[in-house]
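# Working through the structure, step by step
In case you want the letters, here they are:
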Amino acid sequence: MGLKVAKFGGSSLADGIQLTKTKNIITADPARKYIVVSAPGKRYDGDVKVTDLLYLCKAHIENNLPYEQVFQVICDRYMAMAINLGVTVDLFPEFEKIRQNLQNGASSDYIASRGEYLNARVIAAFLGYDFVDTEGLIRFDAKGRLLTEETNEALAEELKKHESAVLPGFYGTTPDGKIKTFSRGGSDITGALVARAVNADVYENWTDVSGFLMADPRIVSNAKPISRISYKELRELSYMGASVLHEDAIYPARLANIPINIRNTNLPEDTGTMITDGVDHGDQVITGIAGTKDFDVIAIYKNMMASEKGFIRKLLTILEDYDVGVEHIPSGIDNISLVVSKKDIEGKIDDIVDEIRRKLAPDTIEVFEEMALIATVGHGMSARQGTSAKLFTSLAEAGVNIRMIDQGASEINIIIGVINSDFEKAIRVIYNAFVE
Ligand code: ADP
Ligand code: ASP
Ligand code: MG
């Protein structure tokens, strides 16, 4: 029969109607024994996710604004769902406890995590499954880094005791017992950790699209579905912005060789995307395109840079001192560029540039803002001659100016930088050149 772990995203759990679809999917296959849930997502365009409402509560408290109304909206959403589904779980003591903790200065991570916690309580009762809290089971170190092996053992040990269970996604605990969340979209990671811990035959990730598409459907409306993709390709695409699956959800599944299957809660008969190792794409050159806006590029030129020992180390140390991560480092003999995320460097850029000037005395240093990065990914690219030529020619013909090129050593990825305003156009051009 096999064993399946199924994670349901916010849109699959947004209201009573969606939850009924979710229950039908779970009960249709007795192998779906361990269920990981997100907080309720958007019910319609323009609606607000519960997680965002919870962050809003915290922001109100920090700014000494009344938060009760926002908190009440959240409580009402859970109450409406419970009544709608005929679930008799008593949520009032839970709401009261959270309200108390809010007043007593609970952390942003704690508050955000309650979206998943309350949802898992309601859904466990709805399904008649055990509720298993991930608090204390998913473990982080004092610096907030996931303790993968400890987590695996703790989850495996606990889940042995439950024939079927619902677990909240998105959070775990640090050694001092405080709640810590993953980054946004992190319930996908919880799902993968649970799948590894119970040694599942498949990790199903149920969302609102019928699998991974070759490009973001909000940009390319008719993007083709990807039926099979390798862990490696998927990681490149999700890291670069294809938000369907959190990029850190791949590692635990890959480690245990568990296939990930992306499925659509609204169209459960669609087979979706299967993510495994060693995928053969036949004649297909590219597997997908993904990207993100809002990077800054610090471009540094210095004569004889290549022979100046320690130059790159000193440069990176400056960025590290300012706690800024570097996404890409395209370089030439006498020049080097640092691609950094705008939100990481905001408010620090002038100080960083000054320090680079002082410590490294470059001939010139320039900052280009408003850059978007686009990755074209596929195992088929390295074996095909002319892939880059086709990519660059198509963009040139469409009048898109390429500001940066970086071909990763993995050879399954070509990354280009364009200005933000060319982002969508560039994705459509690449898609049309390779797919249409
Ligand atoms: P969930 O709430 O179920 O976790 P997400 O919103 O995190 O769902 O991810 C699903 C969304 O990802 C889709 O609705 C789609 O808009 C977006 N998306 C971005 N890139 C892609 C892609 N390449 N293929 C499919 N969906 C994509
Ligand atoms: N609810 C969290 C978020 O909105 C985690 C998740 O949905 O995966 O980011
Ligand atoms: Mg998601």
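Throughout what follows, the structure given in this document is the object of discussion. (Residues numbered from 1 in each chain as written. Chains lettered and ligands numbered in written order. Predicted model: local features only at pLDDT ≥ 70, side-chain atom pairs only at ≥ 80, totals over all residues. Heavy atoms only, no water.)

### Brief notes about the packing of aromatic side chains
As enumerated under the stated definition, the model contains four aromatic pairs in all. Pairing Tyr117 with Phe131 gives two aromatic rings, centres 5.6 Å apart and planes at 85 degrees, and the pair type is edge-to-face. Taken as a pair, Tyr117 in helix H5 (residues 108–127) and Phe131 in strand E3 (residues 130–131) lie far apart in primary sequence, 14 residues in all. Since its relative accessible area comes to 10%, Tyr117 is described here as buried. Owing to a relative accessible area of 26%, Phe131 belongs among the partly exposed residues under this scheme. It is Arg114 that lies over the ring of Tyr117; its NZ or CZ is 4.4 Å from the centre. (Phe/Tyr/Trp six-rings, centres within 6.5 Å; stacked < 30°, edge-to-face > 60°. Helix = DSSP H or I, 4+ residues; strand = E, 2+ residues; numbered from the N terminus. Buried < 20%, exposed > 50% of the residue type's maximum accessible area, 1.4 Å probe, protein only. Lys NZ or Arg CZ within 6 Å of the ring centre and 35° of its normal.)

### Focus: the site of ligand 1
Gly10, Thr207, Asp208, Leu213 and Val244 are the nearest of the 17 residues found near ligand 1. Take Lys7: an N or O atom from its side chain is 3.3 Å from an oxygen atom of ligand 1. One of the side-chain N or O atoms of Asp208 is found 2.8 Å from an oxygen atom in ligand 1. Across the complex, the protein chains shield 85% of the 570 Å² of accessible surface that ligand 1 would expose by itself. When grouped by side-chain class, the residues that make up the shell around ligand 1 number seven nonpolar, six polar and four charged. (Near = heavy atom within 4 Å. Polar contact = N/O pair within 3.5 Å; in protein donor to acceptor, adjacent residues only side chain to side chain. Areas by Shrake-Rupley, 256 points an atom, 1.4 Å probe, with all protein chains shown as cover. Nonpolar A, V, L, I, M, F, W, Y, C, P; charged D, E, K, R; others polar.)

### Considering the pattern of salt bridges
Per the counting criterion, the structure on display carries 25 salt bridges. Between Arg32 and Glu204 there is a salt bridge; the shortest N-O distance is 2.6 Å. Placement of the pair is Arg32 in strand E2 (residues 32–37) and Glu204 in strand E7 (residues 202–207), with a sequence separation of 172 residues. Of the residues examined, Arg32 reaches a relative accessible area of 7% and is grouped as buried. In the salt-bridge network here, residues are joined through shared partners; they are Lys4, Asp29, Arg32, Glu204 and Arg263. (Salt bridge = Lys/Arg side-chain N within 4 Å of Asp/Glu carboxyl O.)

### Thoughts on the packing of helix H1 (residues 16–28) against H5
At their nearest, the axes of H1 and H5 sit 11 Å apart, and the two run at 55 degrees to each other. The angle between H1 and H5 falls in the class oblique. In this structure, H1 crosses over H5, and the sense of that crossing is right-handed. Where H1 approaches H5, its residues Leu19, Thr20, Lys23 and Ile26 are matched on the opposing element by Ile123, Phe126 and Leu127. For the contact of H1 with H5, the class distribution of residues is five nonpolar, one polar and one charged. (Axes fitted to C-alpha atoms, helices over the stretch in contact; angles between N-to-C directions. Parallel < 35°, antiparallel > 145°, perpendicular 65-115°, else oblique. Left-handed = near helix turned anticlockwise from the far one by under 90°. Contact = heavy atoms within 4.5 Å.)

### Some thoughts on the side chain of Asp334
As for its placement among the helices and strands, Asp334 is situated in the loop between helix H10 (311–321) and strand E12 (335–341). Despite its burial, Asp334 pairs with no opposite charge, the nearest such side chain being Lys302 at 10 Å. From its side chain, Asp334 meets the backbone nitrogen of Met304 in a polar contact 3.1 Å long. A distance of 3.3 Å separates a polar side-chain atom of Asp334 from the backbone nitrogen of Met305. Leaving out residues up to four positions away in the same chain, Asp334 has contacts with Ile300, Tyr301, Lys302, Asn303, Met304, Met305 and Ala306. (Lys, Arg positive; Asp, Glu negative; His and termini not counted.)

### Concerning unusual backbone geometry
At Asn64, a residue that is not glycine, the phi angle is positive and equals roughly 55 degrees. Of note, Asn64 is situated in the loop between helix H2 (50–62) and helix H3 (68–85). Given the relative accessible area of 73%, Asn64 is considered exposed. At Ala361, a residue that is not glycine, the phi angle is positive and equals roughly 40 degrees.

### Considering the site of ligand 2
The environment of ligand 2 is formed by Ser38, Thr51, Glu116, Phe170, Arg184, Gly185, Gly186 and Ser187. Within the contact set of ligand 2, a nitrogen atom lies 2.7 Å away from a side-chain nitrogen or oxygen of Glu116. A distance of 2.9 Å is found between an oxygen atom of ligand 2 and a backbone nitrogen or oxygen belonging to Gly185. Residue composition of the shell around ligand 2, by class: one nonpolar, five polar and two charged.

### Let's talk about the sheet that holds E2
Ordered in space as E3-E4-E2-E1-E7-E9-E10-E8, the eight strands form an open sheet in which the pairing is mixed. Only two strands of the sheet have a single partner each, and these edge strands are E3 and strand E8 (228–230). Sitting on the sheet, helix H8 (residues 231–239) is in contact with E8, strand E9 (260–264) and strand E10 (273–276), with an inclination near 85 degrees to E8. (Pairing = 2+ DSSP bridges.)

### A look at the nonpolar core
Counting 77 residues, the largest nonpolar core has Val5, Leu155, Leu159, Leu245 and Ile374 as its most contacted members. Ranked by the residues each element gives to this core, the list is headed by helix H15 (residues 423–434), at seven residues. Look past the residues within four positions of Ile374 in its chain and what remains in contact with it is Met240, Ile289, Ala290, Gly291, Ile414, Ile415, Ile416, Val418, Phe423, Ala426, Ile427 and Ile430. The next biggest cluster of nonpolar side chains, apart from the first, holds 44 residues, and it includes Phe8, Leu13, Ile35 and Val166. (Core = buried A, V, L, I, M, F, W, Y, C linked by side-chain atoms within 4.5 Å.)

### Considerations on the pairing of strand E15 (residues 413–419)
Counting buried residues in E15 gives six out of seven residues, a clear majority hidden from the surface. Here seven bridges tie strand E13 (residues 364–377) to E15, and the two strands are oriented antiparallel to one another. In the sheet register, Val377 faces E15, and the bridge partner there is Asn413. Looking at chain direction, strand E14 (residues 404–407) and E15 are connected through four bridges and run antiparallel. Bridge pairing in E15 places Asp406 opposite Ile415.

### Some words on the sheet that holds strand E11 (residues 288–301)
Strands sit in the order E12-E11-E13-E15-E14 across an open sheet of five strands; the sheet is antiparallel. The open sheet has two free edges, formed respectively by E12 and E14, since each of these has just one partner strand. On average, adjacent strands in this sheet sit at an angle of 35 degrees to one another, irrespective of strand direction. Across the sheet, helix H12 (residues 349–360) lies against E11 and E13, angled at about 115 degrees from E13, the strand it touches most.

So, to be careful, I would describe these as geometric facts and stop short of saying anything about function.
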